[in-house]
Amino acid sequence: MTKLRKVSTALGAGALLAPFLLSQAHGADAERTSPVRSVAAQSAKEVLHVDYESGTLDSGVKGLTTTHATAPDASGVVRPGNGSAYAVQHKVTLGDPGYESNGAPRSETATDLLTNGQFVVGDVQRYEFSVLLKDWQPYKSGDSETGDIVFQGKYAGGNVPAFYLMAKRNAMAFRSPHLNRQTTVVPDFRPYVNKWMKFRVDARWTTDETGYFKVSVQLPGQSDYTSAASYENVRTYQPENPAEHGYIKWGLYRPSESIENGDVPTRIVQHDNIRIFDLS
């Protein structure tokens, strides 16, 4: 079931059926921070929860944008979820136009059209989500070192993301392009392939240097989130082109990868329990 705390705009989304798919759709050197301390609870009001328990790609949320990729299995609702019945799955096969959206190899879901899925200057928000790397082929020496983006905080209007989480080599890394900072938040995800990893990103959206990004991780077997990265006293809202708001996206985006580069042809990722909280 999808829980909404605010009114969203209306836009329908369809669903297709398939076996086990119930519907289809450098800057600076990398900083390395080990998750070593528990994250204290913070007062938060949930404004959006996408849990896919409706069994549909839009999770019953009118206005949730699903993938524009045309391949039947580019996205779909699968069983089971993270402690639930359903999750969403996105798939990208390089070199196949059926797995491209807006001219790039990607299959994603976005909150751009949802009032309660957007952020503006002055907002303080928390984003929580679960990620499962499905049958993920690990990096080995000599492979391409580009990353697969699985979650983004995106300014509207085709801008560079404010931040994103990516699987790069055999690690999960958090990057903010405008800040030119990158931190490894899961040093080695190989023990967690086909298992659910949980992430939390706290963001204060500012046009001056009073903002922050704080990243926490809860890995399988852990009972709570632990801090993995913190960028404080920074400008977090700085789109290159005019943008009245930002939004979040999840799925799979492979912007720098290709068959010619020797990248793994097909990747699959699953997401569940995408939640937005107001921390103001």
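Please refer to the structure placed before this passage.
Rules used in this analysis
Residues numbered from 1 in each chain as written. Predicted model: local features only at pLDDT ≥ 70, side-chain atom pairs only at ≥ 80, totals over all residues. Heavy atoms only, no water. Core = buried A, V, L, I, M, F, W, Y, C linked by side-chain atoms within 4.5 Å. Buried < 20%, exposed > 50% of the residue type's maximum accessible area, 1.4 Å probe, protein only. Salt bridge = Lys/Arg side-chain N within 4 Å of Asp/Glu carboxyl O. Helix = DSSP H or I, 4+ residues; strand = E, 2+ residues; numbered from the N terminus. Phe/Tyr/Trp six-rings, centres within 6.5 Å; stacked < 30°, edge-to-face > 60°. Lys NZ or Arg CZ within 6 Å of the ring centre and 35° of its normal. Pairing = 2+ DSSP bridges. Contact = heavy atoms within 4.5 Å.

Draft legend 1. How the structure looks around the nonpolar core. Ranked by size, the top nonpolar core spans 58 residues in total, and within it Tyr127, Met172, Val185, Phe199 and Trp205 carry the most contacts. If you look at the next biggest cluster of nonpolar residues, it comprises six residues, including Ala104, Met166, Ala173 and Tyr253.

Draft legend 2. Quick look at the pattern of salt bridges. Enumeration over the complete set of coordinates arrives at 12 salt bridges. We note a salt bridge from Arg169 to Glu145, for which the minimum N-O separation is 3.1 Å. Residue Arg169 is found in the loop between β12 (163-168) and β13 (171-176), and its partner Glu145 is found in the loop between β10 (124-133) and β11 (147-155); the two are separated by 24 residues along the sequence. Here the salt bridges do not stand alone but share partners, grouping Glu46, Glu128, Arg200 and Arg275 into one network.

Draft legend 3. Region of the structure containing the packing of aromatic side chains. All told, the structure shown has 13 aromatic pairs when counted by the stated rule. Ring geometry for Phe129 against Phe199: centres 5.7 Å apart, planes inclined by 20°, an arrangement best described as stacked. Pair noted here: Phe129 is in strand β10 and Phe199 is in strand β15 (residues 197-204), with a separation of 70 residues, a long-range link. According to the relative accessible area criterion, Phe129 is buried, its value standing at 2%. The ring of Tyr225 has Arg200 lying over it, and the distance from NZ or CZ to the ring centre is 4.1 Å. Between the NZ or CZ atom of Lys214 and the centre of the ring of Tyr212, over which it lies, the distance is 4.3 Å.

Draft legend 4. Spotlight on unusual backbone geometry. Residue Arg79 is joined to Pro80 through a cis peptide bond whose omega torsion reads -15°. For Pro80, the location among the structural elements is in the loop between β5 (75-78) and β6 (87-93). Located in the positive-phi region is Ser59, a residue other than glycine, with phi close to 55°. Among the secondary structure elements, Ser59 is positioned in the loop between β4 (45-50) and β5. A relative accessible area of 1% means that Ser59 is categorised as buried. Of note in the backbone geometry, Asp135 takes a positive phi value of approximately 50° without being a glycine. Tracing the backbone shows Asp135 in the loop between β10 and β11.

Draft legend 5. Structural detail: the pairing of strand β14 (residues 181-186). Burial analysis of β14 places five of its six residues in the buried class, the great majority of the element. The pairing of β13 with β14 spans five bridges and is classified as antiparallel. In the sheet register, Phe174 faces β14, and the bridge partner there is Thr183.

Draft legend 6. Quick peek at the pairing of strand β16 (residues 211-218). Within β16, seven of the eight residues are buried, which leaves the element mostly enclosed by the surrounding structure. By the bridge criterion, seven bridges tie β16 to strand β17 (residues 226-234) in an arrangement that is antiparallel. Residue pairing for β17: Lys214 is matched across the bridge by Ser230.

Draft legend 7. Seen up close, the environment of Lys195. Among the structural elements, Lys195 can be located in the loop between β14 and β15. With relative accessibility at 42%, the residue Lys195 sits in the partly exposed group. The spatial distance from the C-alpha of Lys195 to the C-alpha of Asn82 is 8.9 Å, given a sequence separation of 113 residues. Among residues more than four places away in sequence, those in contact with Lys195 are Val131, Leu132 and Pro220.

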